[in-house]
Amino acid sequence: MWINVAQLDELNEVRPLRIQVKDEFMVLFRSGDHVYCMRDVCSHMEYPLSDGVYHSKQRTITCAYHGAKFDVESGRALSMPAVSSVPTYPVRIIDNEVQIDYEE
Ligand code: FES
């Protein structure tokens, strides 16, 4: 089910946006006109990825706690100490509305 989670113009290419859907925290990343959504939980020790360093051109987030890097499009772990992916959610943009495909 597609749900509205943000306005596109709330997002910039520097700071990820932490959002809450039900009891789950997620993070939105903007790269140009594309937006990506991951669970806001590092797969290493569950630190919030939204506190990390985002590189919009490379579409990567580096965890602020121990430096693991993730691809924000696929959720794949790109460097140690993380070895597993972080779940991602499909995103679409309708007019200025950012929506994610979310199933409870
Ligand atoms: S909690 Fe993210 S790298 Fe350790």
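Quantities reported herein were computed from a predicted structural model and do not represent experimental measurements.

### Observations regarding the overall build of the protein
Here comes step 1: Helix and strand counts for the protein stand at 0 helices and 10 strands.
Here comes step 2: Helices and strands in the protein line up, N terminus first, as β-β-β-β-β-β-β-β-β-β.
Here comes step 3: In terms of C-alpha radius of gyration, the protein reaches 13 Å, essentially the compact-globule figure of 13 Å for 104 residues.
Here comes step 4: Taken over the C-alpha atoms alone, the protein extends approximately 40 × 30 × 20 Å along its principal axes.
Here comes step 5: Buried residues in the protein amount to 29% of all 104 residues.
Here comes step 6: Looking at the protein alone, contacts between residues at least 24 apart form 39% of all its contacts between residues at least 6 apart.

### A few points about the nonpolar core
Here comes step 1: Grouped together as the largest cluster of nonpolar side chains are 24 residues, with contacts concentrated most on L28, F29, C37, M38, L49 and F70.
Here comes step 2: Breaking this core down by element, the ones donating at least two residues are β1 (2–7), β3 (24–31), β4 (34–39) and β10 (97–101).
Here comes step 3: With sequence-adjacent residues up to four places away left out, M38 is seen in contact with M26, V27, L49, V72, G75, V86, P87 and T88.

### Examining the sheet that holds β10
Here comes step 1: Ordered in space as β1-β10-β9, the 3 strands form an open sheet in which the pairing is antiparallel. With one partner strand each, in any of the chains shown, β1 and β9 (91–94) form the two edges of the open sheet. Pairs of neighbouring strands in the sheet enclose a mean axial angle of 35°, with direction left out of account.
Here comes step 2: For β9 and β10, the ladder comprises 4 bridges, and the chain directions are antiparallel. Following the sheet pairing, I94 is matched in β10 by E97.

### Quick look at the sheet that holds strand β5 (residues 53–55)
Here comes step 1: Overall, antiparallel pairing links the 3 strands, which are arranged β5-β6-β7 in an open sheet. The open sheet has two free edges, formed respectively by β5 and β7 (69–71), since each of these has just one partner strand. Mean inter-strand twist for the sheet, computed between neighbouring axes without regard to direction, equals 20°.
Here comes step 2: Relative to strand β6 (residues 60–62), β5 runs antiparallel, the two being bridged by 3 bridges.

### What about the environment of F70?
Here comes step 1: Its location among the elements puts F70 in strand β7.
Here comes step 2: For F70, a count of 26 C-beta atoms within 10 Å gives the class buried.
Here comes step 3: In the structure, F70 is positioned 28 residues away from C42 in sequence and 8.9 Å away in space, judged by C-alpha atoms.

### Comments concerning the pairing of β3
Here comes step 1: Relative to β3, strand β2 (residues 17–21) is paired through 5 bridges, and the arrangement is antiparallel. Directly across from V21, in β3, lies its bridge partner E24.
Here comes step 2: Following β2, the chain reverses through 2 residues before pairing antiparallel with β3; K22 in that reversal takes a positive phi of roughly 55°.
Here comes step 3: Alignment of β3 against β4, held across 6 bridges, turns out to be antiparallel. Bridged to S31 within β4 is H34.
Here comes step 4: Here β3 hands over to β4 after 2 residues, with G32 in that stretch at a positive phi of 65°.

Calculation criteria
- Residues numbered from 1 in each chain as written.
- Predicted model: local features only at pLDDT ≥ 70, side-chain atom pairs only at ≥ 80, totals over all residues.
- Helix = DSSP H or I, 4+ residues; strand = E, 2+ residues; numbered from the N terminus.
- Rg over C-alpha atoms; globule rule 2.2 N^0.38 Å.
- Buried ≥ 20, exposed ≤ 12 C-beta atoms within 10 Å, placed from the backbone.
- Contact = placed C-beta atoms within 7 Å.
- Core = buried A, V, L, I, M, F, W, Y, C linked by C-beta atoms within 7 Å.
- Pairing = 2+ DSSP bridges.
- Axes fitted to C-alpha atoms, helices over the stretch in contact; angles between N-to-C directions.

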